[in-house]
Amino acid sequence: LCSPPPPTTADIISTVEFNHTGELLATGDKGGRVVIFQREPESKNAPHSQGEYDVYSTFQSHEPEFDYLKSLEIEEKINKIKWLPQQNAAHSLLSTNDKTIKLWKITERDKRPEGYNLKDEEGKLKDLSTVTSLQVPVLKPMDLMVEVSPRRVFANGHTYHINSISVNSDCETYMSADDLRINLWHLAITDRSFIFEEPEDPSNRSFFSEIISSVSDVKFSHSGRYMLTRDYLTVKVWDLNMEARPIETYQVHDYLRSKLCSLYENDCIFDKFECAWNGSDSVIMTGAYNNFFRMFDRNTKRDVTLEASRESSKPRAVLKPRRVCVGGKRRRDDISVDSLDFTKKILHTAWHPAENIIAIAATNNLYIFQDKVNSDMH
């Protein structure tokens, strides 16, 4: 058996996002491309089977740029994709690299007009002396075409790299965040910006405090009332009416607190983890190392650690909870914090808006788990 060729840097998936119905799934990569997958309808032979996701459209969203004022190269890598709620037949999404956010419109065409008076079938202007009668153009069926067009560009809003965008439920505003700033945008204009910050406990102050407190992702809840933020060690839930402090804080991998020196030396401390809400805003998901991802139930306060790997992801297999131990007694299936693989990291996650289906990106592998994946949480 021949092993597949290693992925090129441009092919590495850098973000993944379901649309609001779960019918479409978009991925962005380091080459600045966006690939949209569409869920196939259920087959007649097996009406209860879930349709698979097939490629629907591919387009180049960002190109490499150069900031001459700062002598800085701006990579084309797609940092985030966010779908806007669908309001007509077209779909819209926001995509961003480090500096520029773009609004894209995706439309379908399966009919074309034929029988123009002044143009031939190729669109060229006819010799007007040959036009002797008036005819009404008609729409004829054609092969489905998916067209993607840029609608708006939001630039110059961030000094630092944009690492997160989130669309509000009002369908008019969205947030973008870098390490130090959260901007509130209107889809038509730039309005104002604000920063949510929790004062640090002086007893926890260390050399790494500013690095690990940097916000790597921000998400509006589906209800529009709450905001979810991820920093290096925690996820926090904020009430938008109370910016003084978060109302909930969950430890993602607190066992790494004693490893910050080595994580700084190997640059892992700068990893940007994402976070996600489930459809009812009751469960939070975020990634960790060793291809682990974490879920927190806001109601029961229970949490679970699961693993995305080829070995544990055979069809219809049930994921087993994993546990990381720090010294002391170990259960049989426990994993020592010293044996975690920091090259395997779950940075990008997405949750279907209505069903228990999640998408997990691990380097160039995309895992889709469904149905029983979070049965431990409910």
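Treat the numbers as computed from the prediction; the structure is a model and nothing was measured.

Trainee: Sorry if this is basic, but what is going on with the overall build of the chain here?
Mentor: Counting its regular elements, the chain contains 2 helices and 27 strands. Here the chain holds 378 residues, and the buried ones make up 47% of them. By sequence separation, contacts in the chain at least 24 residues apart represent 52% of the contacts at least 6 residues apart. As presented, the chain carries roughly 21,100 Å² of accessible surface, and 50% of it is formed by carbon and sulfur atoms.

Trainee: So what exactly am I meant to see when it comes to the confidence of the model for the chain here?
Mentor: Caution applies to low-pLDDT regions: their predicted coordinates should not be interpreted in detail. Confidence in the prediction of the chain, expressed as mean pLDDT, is 81, and 86% of residues score 70 or more. In the model, residues 373–378 has pLDDT below 50 throughout and makes 20 contacts with residues more than four positions away in sequence or in other chains.

Trainee: Help me understand the nonpolar core, please; the structure alone is not making it clear to me.
Mentor: Nonpolar side chains in soluble globular proteins tend to end up buried together. In terms of nonpolar packing, the biggest core is built from 30 residues, with Y232, V235, L256, L263, I284 and L340 touching the most fellow members. Elements that contribute at least two residues to this core include exactly strand 16 (226–230), strand 17 (234–239), helix 2 (260–265), strand 19 (275–277) and strand 21 (292–297). Each residue touching L263, except ones within four places of it in the same chain, is listed here: Y232, L256, C268, I269 and F342. M285, M295, W351 and Y367 belong to the second-largest nonpolar core, a separate cluster that totals 16 residues.

Trainee: Would you mind going over the pairing of strand 21 with me for this structure?
Mentor: Strand residues, when the strand is regular, have side chains that alternate between the two faces of the sheet. A large share of strand 21 lies buried, amounting to 6 of its 6 residues. Of the two faces of strand 21, both are covered, the one formed by F292, R294 and F296 as well as the one formed by F293, M295 and D297. Strand direction decides the pairing type here: strand 20 (residues 283–287) and strand 21, joined by 5 bridges, are antiparallel. In the strand pairing of strand 21, V283 is matched with D297. Remark: 4 residues form the turn of the hairpin made by strand 20 and strand 21, two consecutive strands paired antiparallel; N290 in that turn has positive phi of roughly 65°. For strand 21 and strand 22 (residues 303–307), the ladder comprises 5 bridges, and the chain directions are antiparallel.

Trainee: Explain the sheet that holds strand 21 here, please?
Mentor: Either a parallel or an antiparallel arrangement is found when strands of a sheet pair, and the pairing is made through backbone hydrogen bonds. The antiparallel open sheet is built from 4 strands, whose spatial order is 19-20-21-22. In this open sheet, the two strands that pair with only one neighbour each are strand 19 and strand 22. Between one strand axis and the next, the sheet turns through 20° on average, direction left out of account. Bridge count between strand 19 and strand 20: 3 bridges; the pairing is antiparallel. Among the inter-strand pairings, A276 is bridged to a residue of strand 20, identified as M285.

Trainee: What is the right way to look at the packing of aromatic side chains in this model?
Mentor: What characterises a pair of aromatic rings is the spacing of the ring centres plus the angle enclosed by the ring planes. By the definition in use, this model includes 13 aromatic pairs. A centroid spacing of 6.0 Å and a plane angle of 50° characterise the contact between Y264 and F270, whose relative ring orientation is tilted. For F270, a relative accessible area of 40% corresponds to the partly exposed category. By the ring-pair criterion, three or more aromatic residues cluster together here, those being Y232, F273, Y289 and F342.

Trainee: Hey, could you run me through the pairing of strand 27 (residues 365–370) in this one?
Mentor: Relative to strand 27, strand 26 (residues 357–362) runs antiparallel, the two being bridged by 6 bridges. Paired with I360 across the strands is Y367, a residue of strand 27. Linking strand 26 to strand 27, which pair antiparallel, is a turn of 2 residues; within it T363 sits at a positive phi near 55°.

Trainee: Explain the pattern of salt bridges to me, please; I cannot follow it from the model alone.
Mentor: Two side chains of opposite charge can pair, provided their charged atoms sit close to one another. Within this structure, the stated rule accounts for 16 salt bridges. Between K259 and D338 there is a salt bridge, with the nearest N and O atoms lying 2.4 Å from each other. In this pair, K259 is assigned in the loop between strand 18 (248–251) and helix 2 and D338 in the loop between strand 24 (335–336) and strand 25 (348–351), connecting sequence segments 79 residues apart. A single network of salt bridges, built from pairs that share partners, joins D11, D29 and R33.

Trainee: What is the right way to read the sheet that holds strand 10 (residues 138–154) from this model?
Mentor: Pairing in this open sheet of 4 strands is antiparallel, and the strands run 7-8-9-10 from one edge to the other. The strands lining the two open edges of the sheet, one partner per strand, are strand 7 (80–84) and strand 10. Neighbour-to-neighbour, the strand axes of this sheet turn through a mean angle of 25°, independent of strand direction. Across 5 bridges, strand 7 lies against strand 8 (residues 91–96) in antiparallel orientation. The residue of strand 8 that forms the bridge with K80 is T96.

Rules and cut-offs
- Residues numbered from 1 in each chain as written.
- Predicted model: local features only at pLDDT ≥ 70, side-chain atom pairs only at ≥ 80, totals over all residues.
- Heavy atoms only, no water.
- Helix = DSSP H or I, 4+ residues; strand = E, 2+ residues; numbered from the N terminus.
- Buried < 20%, exposed > 50% of the residue type's maximum accessible area, 1.4 Å probe, protein only.
- Contact = heavy atoms within 4.5 Å.
- Areas by Shrake-Rupley, 256 points an atom, 1.4 Å probe, with all protein chains shown as cover.
- pLDDT = per-residue confidence, 0-100.
- Core = buried A, V, L, I, M, F, W, Y, C linked by side-chain atoms within 4.5 Å.
- Pairing = 2+ DSSP bridges.
- Axes fitted to C-alpha atoms, helices over the stretch in contact; angles between N-to-C directions.
- Phe/Tyr/Trp six-rings, centres within 6.5 Å; stacked < 30°, edge-to-face > 60°.
- Salt bridge = Lys/Arg side-chain N within 4 Å of Asp/Glu carboxyl O.

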